[in-house]
Amino acid sequence: MTQRAKIDTGGGETAGSGPPVVHRPGGLTSAEVAERVARGEVNDVPVRSSRSTTEIVRANVFTRFNAIIGVLWAIMLFVAPIQDSLFGFVIVANTGIGIIQELRAKKTLDGLAVIGEARPTVRRDGAPTEISTSAIVLGDLIELGPGDKVVVDGEVAEADSLEVDESLLTGEADPVVKKPGDRMMSGSFVVAGGGAFTATKVGREAYAAQLAEEASRFTLVHSELRTGISTILKYVTWMMVPTALGLILSQLFAKSDNVKDAIARTVGGIVPMIPEGLVLLTSVAFAIGVVRLGRKQCLVQELPAIEGLARVDVVCLDKTGTLTEGGMNLTELRPLHDADEAYVRKVLAALGESDPHPNASLQAVIDASQETPVEWRCTASLPFSSARKYSGASFSEGDGENSTWLLGAPDVLLPAGDPTLADIDRLDEQGLRVLLLARTDRDLDEPGLAAGARPTALVVLEQRLRPDAADTLAYFAEQNVVTKVISGDNAVSVGAVAGKLGMAGAEDTVDARTLPTDREEMAKVLDANAVFGRVTPQQKRDMVAALQSRGHTVAMTGDGVNDVLALKDADIGVSMGSGSEATRAVAQIVLLNNSFATLPSVVAEGRRVIGNITRVATLFLTKTVYSVLLAVLVVCFQVEYPFLPRHLTLLSTLTIGVPAFFLALAPNKERARPHFVRRVMRYAIPGGVIAATTTFVTYLLARHHYTGPDALAAETSAATLTLFLVSMWVLAIIARPYTWWRLTLVATMGGAFLLVLAVPWLQNFFALKLIGVTMPWTAVAIAAAGCVVLEFVWRWVGRRFPA
């Protein structure tokens, strides 16, 4: 390897004021590292998997609606009994629950992030040492191999056919060949060859430090669910402001003789308009999802990935490392054209020794050649790359003979129609992986190197199927999620492997070299077939884009450096924990246990979150709709608002708060569907209108029925009974399909309300007492009529406006 003594730092400032950075083949000494640490020349970029504790507390406490409720709570503490301030204590409890759950999720994520963290190899005191990214100091000599991510800026010190992909930074798809003295940018990754570079900029001065920090941060944004809730809350705020102003003026006018009671009833009208628990339950559901997946060694690097994978309808799988295990076994060596087998084995052993960073195929060759002595000297080498599909090396054989050999895909190294391909096809149909050893008279750096190569032997490898792959493919088929295998290997061989695993459509194989370049035409081929072989890294990216152009939500799994671009562009990127640093860096989900079988758990968790949040959102927004409409009716009819805060706190707790908490965390296998806002509001609006109308009718009838100084309390009790019964029916509909625990939940909430009506001190505490017989039963009858209408409308909406 070529080495250089000094580098030019480019004239820019480095992360400290120390001496010029020097290339040393043995790296820094321990004393030099200590000096740099003391000067602060350390790669101190905080790579975090989650928000800080301060950010979590701030996000849960300082919200728009907490501010509104906080002001109203402070007012009520001065003007009304403590019963009318219960809503404030509920908000404090909700906020506390949200903080605790997110802190649990943070602890899980941070622990998993340490397991999945990239650990680059640096040379110190002349020996290679694995360290954490944050322990790199200015001037460290960092070793690189295929799939390694460049974690800090630097300059190449050693290069052995080193090719680097900088597309994530520059947009240029072609790998860049690096030579000693060339610049290395953090955020790029090695696609072929190896080498070492000296760190010239560390910490926040590194080119992609901010990007890397953002990419690995636990986030709550870019989610249809959260965006939809934010949209709903925005409209709720717009409705609240004029309605609340009108309510304040009407109540002060209607109760001019009792200002404190007017204020209490005004607050009672404003508080239920706020769906304060909806955001909390969304955060809690996501956070608990993270904890559950964490127990299965699944690192969710971006929170919405749980939601996103639940919406996926196409999963693109890389064969190697996903359907098959990483290792392979050499099962047969088949010399061609009377080649000497002993000589062929010597060539393979030499090829294995020439590559310091062998891939899985070459490693199988190395394992099978351990007893073959190698006396040849490697004079040049060409590392394997996914784009060219072969590797090569030139040797001096020691007897004056020189030779150049290529090892790779037979259908790339041989011309179409070569008779050897017929034998290879039969092996491919058995699911075996076949490499061709060929000799060439060209130099390794010549264009068209493979042209004219002479086939010498077939190297037959057997791939180990993952024992859990068949069950996982079956799960996706049951869930109507289409699976497509996209591999760089021979299409027939890939199809045979998929067929052994029982994958539907495994017989529909396509050689990606025949794919059209037009996106629309490519999308048609992709929709019609399931297995694709000889796919280049750029084609993987194009295939993901083509599927997305058809409206598909695409997940991509992979573990190799050739999967990085496709993982980045897919809606959800899933990387194996044993995959390259580059794939783990761009993926939203990392399966730390390397088990493809974990994916169904992630899908199920996402479906549970989305399905349940959709359910409980309907509960919360039904309350918002009836609260706004009741306030409008009160303003229009110029009557006193029927409820005090304590009444609506009781109703909200029994018909929304407690049930929603259980429903949000319940099992749910319903497939996630788009248009969250439309799906929620199509039920919340009619439900809220019916609840408000029936309640206000009961209230008006009670105003005509009751007279005297205690009439308002009796009117409020009758209206509360109607509203509770209609709200309970909404809950009963939301709880479908019924299970024993859901029926128990609904019955318990109903029993709790009856307890309040039956126990005298609870009657007094909540100011609820049914007077007489006529009006209470009238309230029940109106509620029953409302429930019948609600049931009819709910079913009609489901048919008329399917989501």
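Our structure is the block above this text.
For the structure given in this document, a descriptive report is provided here. Just so we're clear, the structure is a prediction, and the values are computed from it rather than from any experiment. (Residues numbered from 1 in each chain as written. Predicted model: local features only at pLDDT ≥ 70, side-chain atom pairs only at ≥ 80, totals over all residues. Heavy atoms only, no water.)

1. Quick look at the overall build of the protein
Looking only at helices and strands, the protein features 27 helices and 21 strands. Out of the 803 residues in the protein, the part that is buried amounts to 57%. A separation threshold of at least 6 residues defines the contact pool for the protein, and within that pool the share at least 24 residues apart is 73%. Only carbon and sulfur atoms are counted for the fraction: they give 58% of the accessible area of the protein, which is about 32,500 Å². Considering the protein, the positive charge centre built from 74 side chains and the negative charge centre built from 84 side chains are found 11 Å apart. (Helix = DSSP H or I, 4+ residues; strand = E, 2+ residues; numbered from the N terminus. Buried < 20%, exposed > 50% of the residue type's maximum accessible area, 1.4 Å probe, protein only. Contact = heavy atoms within 4.5 Å. Areas by Shrake-Rupley, 256 points an atom, 1.4 Å probe, with all protein chains shown as cover. Lys, Arg positive; Asp, Glu negative; His and termini not counted. Charge placed at Lys NZ, Arg CZ, Asp CG, Glu CD.)

2. Remarks on the pattern of salt bridges
Where charged atoms from two side chains of opposite charge approach closely, those side chains can pair. What the rule picks out here adds up to 27 salt bridges. Residues Glu401 and Arg439 are paired through a salt bridge, measuring 3.3 Å at the closest nitrogen-oxygen approach. Of this pair, Glu401 sits in the loop between strand S12 (390-396) and strand S13 (402-408) while Arg439 is found in strand S14 (residues 433-440), placing the two residues 38 residues apart along the sequence. When the shortest N-O distance is used, the salt bridge between Arg608 and Glu605 registers 2.5 Å. Here Arg608 pairs with Glu605, and both are found in helix H21 (residues 599-637), just three residues apart, close to one helical turn. For the pair formed by Arg608 and Glu605, the shared burial category is buried. (Salt bridge = Lys/Arg side-chain N within 4 Å of Asp/Glu carboxyl O.)

3. Focus: unusual backbone geometry
Put simply, Arg736 and Pro737 share a cis peptide bond, and its omega is -5 degrees. As for its placement among the helices and strands, Pro737 is situated in the loop between helix H24 (711-734) and helix H25 (740-758). For Gln638, which is not glycine, the phi dihedral falls at a positive 50 degrees. Overall, the relative accessible area of 42% leaves Gln638 in the partly exposed class.

4. Remarks on the sheet that holds strand S20 (residues 572-576)
Strand pairing within a sheet occurs via backbone hydrogen bonds; the two strands may be parallel or antiparallel. Read across the open sheet, the eight strands follow the order S8-S21-S20-S19-S9-S16-S18-S17; overall the sheet is mixed. Edge strands, defined here as strands with exactly one partner in the open sheet, are strand S8 (298-300) and strand S17 (509-511). On average, each strand axis in the sheet is inclined to that of its neighbour by 20 degrees, with strand direction left out of account. In this structure, S17 lies alongside strand S18 (residues 531-533), joined through three bridges in parallel fashion. Residue Thr509 lies in a different strand from S18, and its bridge partner there is Val531. Sheet strands in contact with helix H16 (residues 491-500) are strand S16 (482-486), S17 and S18, and its direction is about 145 degrees off that of S18. (Pairing = 2+ DSSP bridges. Axes fitted to C-alpha atoms, helices over the stretch in contact; angles between N-to-C directions.)

5. Describing a nonpolar patch on the surface
Judged by side-chain polarity, Val241, Leu245, Ile248, Leu252 and Val259 come together as a nonpolar surface patch covering roughly 400 Å² of accessible area. With four residues, helix H7 (residues 224-254) is the largest single contributor of residues to the nonpolar patch. By the element assignment, Ile248 lies in helix H7. The exposure class of Ile248 is partly exposed, given its relative accessible area of 31%. (Patch = residues over 30% accessible without salt bridge, like charges linked within 9 Å, V, L, I, M, F, W, Y side chains within 5 Å.)

6. Points about the pairing of strand S9 (residues 314-317)
Every second residue of S9 is oriented toward a common face, with Val314 and Cys316 on one face and Val315 and Leu317 on the other, all of them buried. Both S9 and S16 contribute to a ladder of four bridges, which runs parallel. Residue pairing across strands places Leu317 opposite Val485, the latter belonging to S16. Bridge count between S9 and strand S19 (residues 554-558): three bridges; the pairing is parallel. What sits directly across from Cys316, in S19, is Met556.

7. With respect to the nonpolar core
One recurring pattern in soluble globular proteins is that nonpolar side chains are buried together. With 124 residues, the main nonpolar core has Leu309, Ile589, Phe596 and Phe753 as its most contacted residues. The element that contributes the greatest number of residues to this core is H21, accounting for 16 residues. Among all residues touching Phe753, those that are not within four sequence positions of it are Leu650, Leu651, Leu654, Thr720, Leu721, Phe724 and Leu768. (Core = buried A, V, L, I, M, F, W, Y, C linked by side-chain atoms within 4.5 Å.)

8. Remarks on the packing of helix H17 (residues 519-528) against helix H18 (residues 537-549)
Relative orientation of the contacting elements H17 and H18 amounts to 85 degrees, with a least axis distance of 8 Å. It follows from the interaxial angle that H17 and H18 lie roughly perpendicular. Where H17 approaches H18, its residues Arg519, Met522, Ala523, Leu526 and Asp527 are matched on the opposing element by Asp542, Met543, Ala545, Ala546, Leu547 and Ser549. Along the lines of polarity and charge, the residues of the contact of H17 with H18 split into seven nonpolar, one polar and three charged. (Parallel < 35°, antiparallel > 145°, perpendicular 65-115°, else oblique. Nonpolar A, V, L, I, M, F, W, Y, C, P; charged D, E, K, R; others polar.)

9. Topic: the environment of Ala59
Here Ala59 is to be found in helix H2 (residues 53-61). Among the residues examined, Ala59 registers a relative accessible area of 34% and is labelled partly exposed. When the C-alpha positions of Ala59 and Pro358 are compared, they lie 48 Å apart, and in sequence the two are 299 residues distant.

10. Quick word on the packing of aromatic side chains
Scanning the entire structure with this criterion turns up twelve aromatic pairs. Consider the rings of Tyr343 and Trp376, whose centres lie 5.7 Å apart with planes at 50 degrees: the pair is tilted. With a gap of 33 residues between them, Tyr343 in helix H11 (residues 341-354) and Trp376 in the loop between helix H12 (360-368) and strand S11 (377-382) connect regions that are remote in the sequence. Take Trp376: its relative accessible area is 10%, and that puts it in the buried class. (Phe/Tyr/Trp six-rings, centres within 6.5 Å; stacked < 30°, edge-to-face > 60°.)

11. Considerations on the side chain of Arg124
Tracing the backbone through its elements, the reader meets Arg124 in strand S1 (residues 121-124). At 2.6 Å, the side chain of Arg124 and the side chain of Asp140 are in polar contact. Leave out the neighbours within four places in its chain, and Arg124 touches Gly26, Leu28, Val33, Ile131, Ala135, Ile136, Val137 and Asp140. (Polar contact = N/O pair within 3.5 Å; in protein donor to acceptor, adjacent residues only side chain to side chain.)

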